[in-house]
Amino acid sequence: MSKKYIPPHRRGQQPQPRATLDSPSSKSNQQPERRRAPASNTVMFFGDSFVRLFGLIENSNVKVRSFKGASAKGIGREGNSNRTMIQQQVKQLKPDRVVLCFGNVDIHMSYYYTKYVKEGPVIDLEAVARALVEFAATLPAKNVHVLGVYPSPLRDEVVLSSLQAYGVIPKETTISDEDISI
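Residues numbered from 1 in each chain as written. Predicted model: local features only at pLDDT ≥ 70, side-chain atom pairs only at ≥ 80, totals over all residues. Heavy atoms only, no water.

**Structural notes on the nonpolar core**
And then number 1: Counting residues in hydrophobic clusters, the biggest one holds 18 residues, and the most contacted among them are Phe46, Ile86, Val90, Val98, Leu100, Phe102 and Leu139.
And then number 2: Looking at this core, the elements that each hand over two or more residues are β1 (43-47), α1 (72-75), α2 (81-93), β3 (97-101) and α4 (125-138).
And then number 3: The element contributing the most residues to this core is α4, with four residues.
And then number 4: Look past the residues within four positions of leucine 100 in its chain and what remains in contact with it is Phe46, Leu132, Phe135, Ala136, Leu139, His145, Val146 and Leu147.
And then number 5: Among the nonpolar cores identified, the runner-up in size contains nine residues, and Tyr111, Val168, Ile169 and Ile180 belong to it. (Core = buried A, V, L, I, M, F, W, Y, C linked by side-chain atoms within 4.5 Å. Buried < 20%, exposed > 50% of the residue type's maximum accessible area, 1.4 Å probe, protein only. Helix = DSSP H or I, 4+ residues; strand = E, 2+ residues; numbered from the N terminus. Contact = heavy atoms within 4.5 Å.)

Have a look at this one:
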């Protein structure tokens, strides 16, 4: 089992008790006492490193599992180890909701690697999306959601240097202006 993701601003801190509607710090003399309904919905997020954003949600019913460098193309393949782990965890933990967040690696990195390093045909993103959705449909949860890809936050003038810094393409590689602004 993987370690729980702890946001940088929470690392090294002791968990703080949270005020609820029935705790003394939140009671008001003017309001009738209300109790918070017990949260019973478990949500499991699975994805590439971009999914860690959901680790900022401070709720014990939210579970986040990231797979470094994982691609939607890989998750869409039978026998993929990450795919198998997701299936096992969903079967074992029986969450009410599963959220898949894959595809960022495919769009922001694999596209460039395939085209400029391997010099092969570009990734068929439609086929990748189809395979991911077909996989999602097999998961035994009440609700399964597939999130879309986050837009790149990079300005066009830093895309090339970012790809080189992450080792996606060699330093001497250049890419077309059209591909810079994907």
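**Concerning the environment of glycine 74**
And then number 1: Tracing the sequence through the fold places glycine 74 in helix α1.
And then number 2: Its relative accessible area of 7% is what places glycine 74 among the buried residues.
And then number 3: Remark: the alpha-carbon pair of glycine 74 and leucine 132, spanning 58 residues in sequence, is separated by 9.0 Å.

**A short note on the confidence of the model for the protein chain**
And then number 1: Per-residue confidence for the protein chain gives a mean pLDDT of 82, with 80% of residues at or over 70.
And then number 2: When the criterion is pLDDT under 50, residues 19-29 qualifies, and its contacts beyond four places in sequence or with other chains add up to ten contacts.
And then number 3: Ignoring residues within four places in sequence, the model shows residues 35-39, a span with pLDDT below 50, making four contacts including any to other chains. (pLDDT = per-residue confidence, 0-100.)

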